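Structure at a glance
As a plain string of letters, each chain reads:
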2 protein chains.
Amino acid sequence: MNGRQEYTPHPYPGAVADVGEFGLIDRITRTLGPQPALVLLGPGDDAAVVAAPGGSVVASTDLLVEGRHFRFDWSSPYEVGRKAAAQNLADIAAMGAVGTALLVGLAARPALPLTVADGLVTGLRDEAASVGAAVVGGDVVAADSVVLAVTALGDLQGRPPVTRAGARPGDRVVVAGRLGCSAAGMRLIESGDRDSPLAALHRCPDPPYAMGPELARAGATAMIDVSDGVVADLGHVAQASGARIVLDVGAFAAAYAVDPVTLADVLGGGEDHALAATVPPGSPLPAGCVEVGEVQALGEGQQARVVDRHTGDVLEVAGFDHFGGDLA
Amino acid sequence: MNGRQEYTPHPYPGAVADVGEFGLIDRITRTLGPQPALVLLGPGDDAAVVAAPGGSVVASTDLLVEGRHFRFDWSSPYEVGRKAAAQNLADIAAMGAVGTALLVGLAARPALPLTVADGLVTGLRDEAASVGAAVVGGDVVAADSVVLAVTALGDLQGRPPVTRAGARPGDRVVVAGRLGCSAAGMRLIESGDRDSPLAALHRCPDPPYAMGPELARAGATAMIDVSDGVVADLGHVAQASGARIVLDVGAFAAAYAVDPVTLADVLGGGEDHALAATVPPGSPLPAGCVEVGEVQALGEGQQARVVDRHTGDVLEVAGFDHFGGDLA
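Every value quoted in this text rests on a predicted model; they were computed, and no experiment measured them. (Residues numbered from 1 in each chain as written. Chains lettered and ligands numbered in written order. Predicted model: local features only at pLDDT ≥ 70, side-chain atom pairs only at ≥ 80, totals over all residues.)

**Overview of unusual backbone geometry**
Among all residues except glycine, the phi angle is most often negative; among peptide bonds, the trans geometry is most common. A cis amide bond, omega 10 degrees, links A:Asp259 with the succeeding residue A:Pro260. Along the chain, A:Pro260 turns up in the loop between helix H8 (249-256) and helix H9 (263-268). Its identity as a non-glycine residue notwithstanding, B:Glu271 has a phi of 75 degrees, on the positive side. Structurally, B:Glu271 is set in the loop between helix H9 (263-268) and strand E10 (274-279). When the 24 C-beta atoms within 10 Å are taken as the criterion, B:Glu271 is described as buried. (Helix = DSSP H or I, 4+ residues; strand = E, 2+ residues; numbered from the N terminus. Buried ≥ 20, exposed ≤ 12 C-beta atoms within 10 Å, placed from the backbone.)

What follows is the structure, given as structure tokens:
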């Protein structure tokens, strides 16, 4: 993780309730610092104004809840902030767009230490800055647990968005970024090894942001952020495109399953925020992409699924249902 | 509240956990229905794409937490959804912009009835539609209580934004929309009268959205959404503009303090989401605006405050601090 500075807490004591809503907003605004030129109006007014030079804006929202999506005993506030920004900015990249701005809603326990709020905001700021974006606005409220609501905005630079629905028979299926690292890292953290590079990648993923626009320029017909697992997410592409996606499991194993990362981590693990895309046969692939399969037309009676090239079987790898784990 | 349909629950049983994350997203997407033309890509992909014809996008986020910002024993889910959308769209109007899109993060208890989720989404959809906007995307997660994270986007139609910082000596101070109704309505609900029109306005405010762009076209130099109380919010304008705002309390009393709405409700009550603006002396005022004061230059040693025209005293009306009430 080049260029990433670890967060150093301010030496100020106190909790968010000690400074109140407006004090906390002032403090956050100071932490954010100067805004880049594309931010026409930053924090402090009723709303922010961000340049949209391409004539449209790409927008995505995620909610992260303490104890469900992050744990302060596993991750520093700075890491939670970076990850919250990363998962939204990866959605923007998956449309072929460049992230421009984040808006952040922070629900905080009144007793939350100010240093935790500082860490969250610094992490959000730094991850945004890594793509040239900025935190331009937000809201702070009191709640019983910490909830982060992050909205990312992006610009398509005049290109059409790369949706999930454009994959065509004959296209190659490619992956950019890491697979399985976050899942393997979580297992290491659970077993008590918090210091390995994989554990760090679970706490703070490293999405290949620049590959989103690069794959779009290379003619990508469909693209998706890998957040639920590459097989599950390519299943969304297959369904949206009305096509079969035939994967070479051996290619995944060779490229990504490096001990202790297992093939199950690679195929089923989410949260690395890799990008999976389909690219027409003639187009040169951007450097760093791994070819893992191809798109096929649906045969008579076939369903739009993800299939193993060698066995012909439908690949079934459990994805993550955010309510499924909460039924008990 | 013309044109507002009361929400009729679907007759489906069940809780959000019964349909899971993807089932709930499908259900929400069906509830949202067709999207207007300015939505270039609606729900269902990694991110939405919304037209930004003016070359910039206005964006604002609010978090609403069950038990703190809304109560299901006071308000129907439909009303909570409308109010959540209204307070964000009012922020967009206060910049002089037209709302184009909402993104909604919904944190739900797994046992939350699907009909409650339906009501929230229908309310958000209908309030957005009242300004020509649409819910274009979002996120659903499990949590211990219901949290709504709403981000509103808007378009300035080529005009510069009307910030809080542009008020100039000699400008008139004007208000568009209601003042004090929400505060009086809350008091009526607390006393058991839930059926009065004021109680309905507390549950479901009626911001003067169209007046935002209209005041901008009329040359407004500063504008703010009245969410904390008109005196407190005009204090933000005074500070940002480095000017004194001199108010005619009698004008407020005459225009807004109609029993049971008290003058304290009018001056200190938030949540009606009126618009307060400053307009240069020469400009014709849009119909429906009430003139309540004027902007004065700071004299020697004077602070940027809101002052009573007749007494010369600084007007001190408590605003609402979202953490202040939680210090105990």
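**A few points about the sheet that holds strand E12 (residues 306-308) of chain B**
Residues and elements named next belong to chain B. Pairing in this open sheet of 6 strands is mixed, and the strands run E8-E10-E7-E11-E9-E12 from one edge to the other. Looking along the sheet, the strands with just one partner apiece sit at the ends: strand E8 (222-226) and E12. Mean inter-strand twist for the sheet, computed between neighbouring axes without regard to direction, equals 30 degrees. As defined by bridge partners, strand E7 (residues 172-176) adjoins E10 across 5 bridges and the pair is classed as antiparallel. Looking at E10, one finds that Val174 is bridged to Ala277. Sheet strands touched by helix H8 (residues 249-256): strand E9 (244-247), strand E11 (290-296) and E12. Its angle to E11, the strand with the most contacts, is close to 160 degrees. (Pairing = 2+ DSSP bridges. Axes fitted to C-alpha atoms, helices over the stretch in contact; angles between N-to-C directions. Contact = placed C-beta atoms within 7 Å.)

**Digging into the relation of the copies chain A and chain B**
Of the transformation superimposing chain A on chain B, the axial component is 0.0 Å and the angular component is 180 degrees, with the fit at an RMSD of 0.0 Å. Both chain copies can therefore be described as sitting about a two-fold axis. Every residue of chain A has its C-alpha some distance from the rotation axis, and the shortest such distance is that of A:Gly55, at 2.6 Å. (Least-squares fit on C-alpha atoms with pLDDT ≥ 70 in both.)

**Thoughts on the interface of chain A and chain B**
How big an interface is tends to be stated in terms of the accessible area lost upon association of its parts. Counting residues at the interface gives 62 residues for chain A and 61 residues for chain B. At 9 residues, the largest contribution of residues to the side of chain A that touches chain B is made by strand E3 (residues 56-65) of chain A. Residue composition of the side of chain A that touches chain B, by class: 37 nonpolar, 13 polar and 12 charged. Where E3(A) and strand E2 (residues 48-51) of chain B come together, 4 bridges link them in antiparallel fashion. Bridge pairing links A:Ser56 to B:Ala51 in E2(B). (Nonpolar A, V, L, I, M, F, W, Y, C, P; charged D, E, K, R; others polar.)

**What about the confidence of the model for chain A?**
Residues and elements named next belong to chain A. Confidence in the prediction for chain A averages 91 pLDDT; 93% of positions are at 70 or higher. Here residues 1-5 is modelled with pLDDT under 50, and outside its nearest four sequence neighbours on either side it reaches 3 contacts, counting other chains as well. Every residue in residues 324-328 is under pLDDT 50, and counting partners more than four places away or in other chains gives 6 contacts. Scoring the predicted complex yields pTM 0.92 and, for the interface, ipTM 0.91. (pLDDT = per-residue confidence, 0-100.)

**With respect to the domain arrangement of chain A**
Residues and elements named next belong to chain A. In terms of domain boundaries, chain A breaks down into domain 1 (16-155) and domain 2 (172-318). A C-alpha centroid distance of 27 Å is found between domain 1 and domain 2. Facing the 17 residues of domain 1 at the interface are 17 residues of domain 2. Elements that contribute at least two residues to the side of domain 1 that touches domain 2 include exactly helix H2 (77-93) and strand E4 (98-108). For the side of domain 1 that touches domain 2, the leading source of residues is H2, giving 9 residues. Residue composition of the side of domain 1 that touches domain 2, grouped by class: 9 nonpolar, 4 polar and 4 charged. (Domains from an automatic or database assignment.)

**Observations regarding the pairing of strand E7 (residues 172-176) of chain A**
Note on strand geometry: in a regular strand, side chains alternate between the two faces of the sheet. Residue and element names in this part refer to chain A. Among the 5 residues that make up E7, 4 are buried, leaving the element largely enclosed by the rest of the structure. Here E7 pairs with strand E11 (residues 290-296) via 4 bridges, running antiparallel. Residue pairing across strands places Arg172 opposite Glu294, the latter belonging to E11.

**Remarks on the sheet that holds strand E6 (residues 147-155) of chain B**
Spatially, E1(A)-E2(A)-E3(B)-E6(B)-E4(B)-E5(B) is the arrangement adopted by the 6 strands of the open sheet, whose pairing is mixed. A single partner strand is all that each edge strand has here, and the edge strands are strand E1 (39-41) of chain A together with strand E5 (134-142) of chain B. The mean angle between the axes of side-by-side strands here comes to 25 degrees, regardless of whether they run parallel or antiparallel.

**Some remarks on helix H1 (residues 16-32) of chain A**
Since the α-helix turns once every 3.6 residues, residues separated by three or four places project in the same direction. Residue and element names in this part refer to chain A. Relative to the 24 Å expected for 17 residues at 1.5 Å per residue, H1 spans just 17 Å between its end C-alpha atoms, considerably shorter than the ideal helical length. If you look at H1, its biggest bend is around 80 degrees, right at Phe22. All buried positions along H1 are accounted for by Val16, Ala17, Glu21, Leu24, Ile28 and Leu32. On its buried face, H1 sits against E4, helix H3 (114-129) and strand E5 (134-142). Of the residues one or two after H1, Gly33 is the one with positive phi, at around 75 degrees. (Expected span 1.5 Å × (residues − 1). Bend = angle between axes of the 7 residues up to and from the residue.)

**Things to note about the pairing of E11(B)**
Two strands pair when backbone bridges link them, and E9(B) and E11(B) are joined in this way by 4 bridges, in the antiparallel orientation. Paired with B:Leu247 across the bridge in E11(B) is B:Gly293.

**Observations concerning the packing of H1(A) against H3(A)**
Geometry of a packed helix pair, given as the angle between the helix axes and the separation of the axes. Residue and element names in this part refer to chain A. At a closest axis distance of 11 Å, the pairing of H1 and H3 adopts a crossing angle of 25 degrees. Classified by the angle between their axes, H1 and H3 sit roughly parallel to one another. At the point where H1 passes H3, the crossing takes the right-handed sense. For the pair H1 and H3, the contacting residues are Val16, Val19, Leu24, Ile28, Thr31 and Leu32 in the first and Leu114, Ala117, Asp118, Val121, Thr122 and Arg125 in the second. When its residues are assigned to classes, the contact of H1 with H3 shows 8 nonpolar, 2 polar and 2 charged. (Parallel < 35°, antiparallel > 145°, perpendicular 65-115°, else oblique. Left-handed = near helix turned anticlockwise from the far one by under 90°.)

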